[in-house]
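# Close look at the chain arrangement
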Amino acid sequence: MYTQGLDSPGTVDLPAPAADRQALERRFQARVDAEEKIEPKDWMPDAYRQTLIRQISQHAHSEIVGMLPEGNWITRAPSLLRKSILIAKVQDEGGHGLYLYSAAETLGVSRDEMFQQLLAGTAKYSSIFNYPTPTWADVGAIGWLVDGAAIMNQIPLCRCSYGPYSRAMIRVCKEESFHQRQGFEIMLRLARGTTAQQQMAQAALNRWWWPSLMMFGPSDTDSTHNEQSTRWKIKRFTNDELRQKFVDFTVPQADFLGLKIPDPKLRWDEASQHYRCGEIDWTEFKNVLKGHGPCNQERLAARRRAYEEGQWVREAALAHAAKQKLRTGRAAA
Ligand code: FAQ
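Just so it is clear, the structure is predicted and the values come from calculations on it, not from any experiment.

Quick look at the overall build of the chain now. If you tally the helices and strands in the chain, you get 13 helices and two strands. Taken over C-alpha atoms, the radius of gyration comes to 22 Å for the chain, in line with the 20 Å a tight globule of 333 residues would show. Counting only C-alpha atoms and orienting by the principal axes, one finds that the chain spans roughly 70 × 50 × 30 Å. Here the contacts in the chain between residues at least 6 apart in sequence split such that 78% fall between residues at least 24 apart. Carbon together with sulfur atoms contributes 57% to the accessible area of the chain, which is approximately 17100 Å² in total. Counting 43 positive and 39 negative side-chain charges, the chain places the averaged centre of each group 4 Å from the other.

Shown next, in the form of structure tokens:
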């Protein structure tokens, strides 16, 4: 469905005289301001196209790299039911990656190109997926916190100005909401379990709390794209605004679980009616982005291995498609 935009790059990138271009840009911004959706064949500024390709492809990579930390527990889930739920969840994340690659393709970039950038290590994906999952409680913490943060960030993206991205997000958010609840339920069971289980849940919260806050991106003062993406209504809230919403939403859930957020400076601020956190370790965030997180190398190696092992499947699919085409051609002749 989405790739139909590719068959006619049409007028989009024809060089227009400066005056025409300004008029086109004004009309484009007026459409965005009027909350009209921008569709693949519509005129759009090149920078808008490039911003979307960057963000959507990073998002797609995050989903498929994001399959790995939890995928690590599929063979060791504590019951058959837990195993089938986890398989379904991890499969959903793969599906989200596919919707997102398709949405990015409508902007004129090929899936293969995006994939090669990921495998070459030149594309970004979310920092959060470079952390390890040493216990079953980490699977619960990912569902509760990571999917929780993902939903907080993605609900506003359902109203993104670019049609294919916003529509993909509506479906993704429905599924993420199930993921968040299954994660919270795992944490609840552990928190109401034996002392060892409670300790396991607390240790997982300790590991995932700060990386989850980093998921929202650098602080607003350091964000490169906040301002422009907000003007284009790709982003509806800044990184810090969404991070704050997540904290306000999640702290009472931790209280309900009887778990302690690992931040000695966390406090309720009566005046602003918000929780206030301690300082995020931005050096850690930057290191993870540079490829020096605990699992960066392992994650990329796993994706490269999967790509190599899938080579025969791609070849078989291409051979089948060529045979089908030949048969259809013969039947038509
Ligand atoms: N990790 O100027 P900003 C999920 C980069 S999906 C790595 O603020 P922007 C599902 C940013 O790209 C999780 N890099 O950028 C799941 C930019 O770099 P560039 C992914 C980060 O785009 C759950 C630079 O820093 N979600 O979890 C990160 O306006 C469970 C400057 O930053 C999305 O991708 C980071 N955390 O705002 C799967 C949502 N943060 O390109 C499995 C869509 C920032 O200039 C299991 N994306 N950077 O070199 C967005 O909403 C935005 O792209 C932000 C960043 C908010 C992430």
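Non-glycine residue Glu35 carries a positive phi angle of around 65°. Within the fold, Glu35 resides in the loop between helix H1 (18–33) and helix H2 (46–65). One non-glycine residue, Lys233, lies in positive phi territory at about 55°. With respect to the helices and strands, Lys233 occurs in the loop between helix H9 (226–231) and helix H10 (239–257).

The next point concerns the site of the ligand. Taken together, the neighbourhood of the ligand is formed by 35 residues, with Gln58, Lys124, His225, Lys235 and Asn239 sitting nearest. Contacts to the ligand include Met214, whose backbone N or O atom sits 3.5 Å from a nitrogen atom. Take Thr224: an N or O atom from its main chain is 2.8 Å from an oxygen atom of the ligand. Isolated, the ligand exposes 1100 Å² of accessible area, and the fraction of that covered by the protein chains is 91%.

What follows covers the nonpolar core. One recurring pattern in soluble globular proteins is that nonpolar side chains are buried together. Core analysis: the biggest nonpolar cluster contains 78 residues, and Tyr48, Ile56, Tyr162, Tyr165 and Trp209 have the highest contact counts within it. If you tally residues by element for this core, the top one is helix H6 (residues 136–154), at ten residues. In contact with Tyr162, not counting residues within four places along its chain, are Ile38, Glu39, Pro40, Met44, Tyr48, Leu52, Ile56, Ala103, Thr106 and Leu107.

The subject of this paragraph is the pattern of salt bridges. The final tally for this structure, using the stated rule, is 18 salt bridges. Here Glu175 and Arg171 are joined by a salt bridge, their closest N and O atoms 3.5 Å apart. You can see Glu175 and its partner Arg171 sitting in helix H7 (residues 163–191), four residues apart, about one turn around the helix. A salt bridge links Arg189 to Glu185, with the shortest nitrogen-to-oxygen separation between them at 3.4 Å. Of this pair, Arg189 and Glu185 both sit in helix H7, four residues apart, which is roughly one turn of that helix. Residue classification places Arg189 among the exposed positions, given a relative accessible area of 56%. The class of Glu185 is partly exposed, set by a relative accessible area of 31%. A single salt-bridge network, built from bridges that share partners, covers Glu70, Lys89, Glu93 and Asp147.

A few words on the layout of surface pockets. Of the voids in this model, the largest pocket is the one considered here, and its volume is about 1200 Å³. Those elements that place two or more of their residues in the lining of the largest pocket are H2, helix H4 (80–105), H6, H7, H10 and helix H11 (282–292). At seven residues, H6 tops the list of elements feeding residues into the lining of the largest pocket. Here the lining of the largest pocket is built from residues that sort into 19 nonpolar, 15 polar and twelve charged.

How each quantity is defined
Residues numbered from 1 in each chain as written. Predicted model: local features only at pLDDT ≥ 70, side-chain atom pairs only at ≥ 80, totals over all residues. Heavy atoms only, no water. Helix = DSSP H or I, 4+ residues; strand = E, 2+ residues; numbered from the N terminus. Rg over C-alpha atoms; globule rule 2.2 N^0.38 Å. Contact = heavy atoms within 4.5 Å. Areas by Shrake-Rupley, 256 points an atom, 1.4 Å probe, with all protein chains shown as cover. Lys, Arg positive; Asp, Glu negative; His and termini not counted. Charge placed at Lys NZ, Arg CZ, Asp CG, Glu CD. Near = heavy atom within 4 Å. Polar contact = N/O pair within 3.5 Å; in protein donor to acceptor, adjacent residues only side chain to side chain. Core = buried A, V, L, I, M, F, W, Y, C linked by side-chain atoms within 4.5 Å. Buried < 20%, exposed > 50% of the residue type's maximum accessible area, 1.4 Å probe, protein only. Salt bridge = Lys/Arg side-chain N within 4 Å of Asp/Glu carboxyl O. 1 Å grid on protein atoms, 1.4 Å probe; cavity = no way out; pocket = protein on both sides within 12 Å on 5 of 7 lines; lining within 4 Å. Points joined across faces, edges and corners; volume = space filled by probe spheres on them. Nonpolar A, V, L, I, M, F, W, Y, C, P; charged D, E, K, R; others polar.

Remember that the coordinates give geometry; whether it matters functionally is a separate question.
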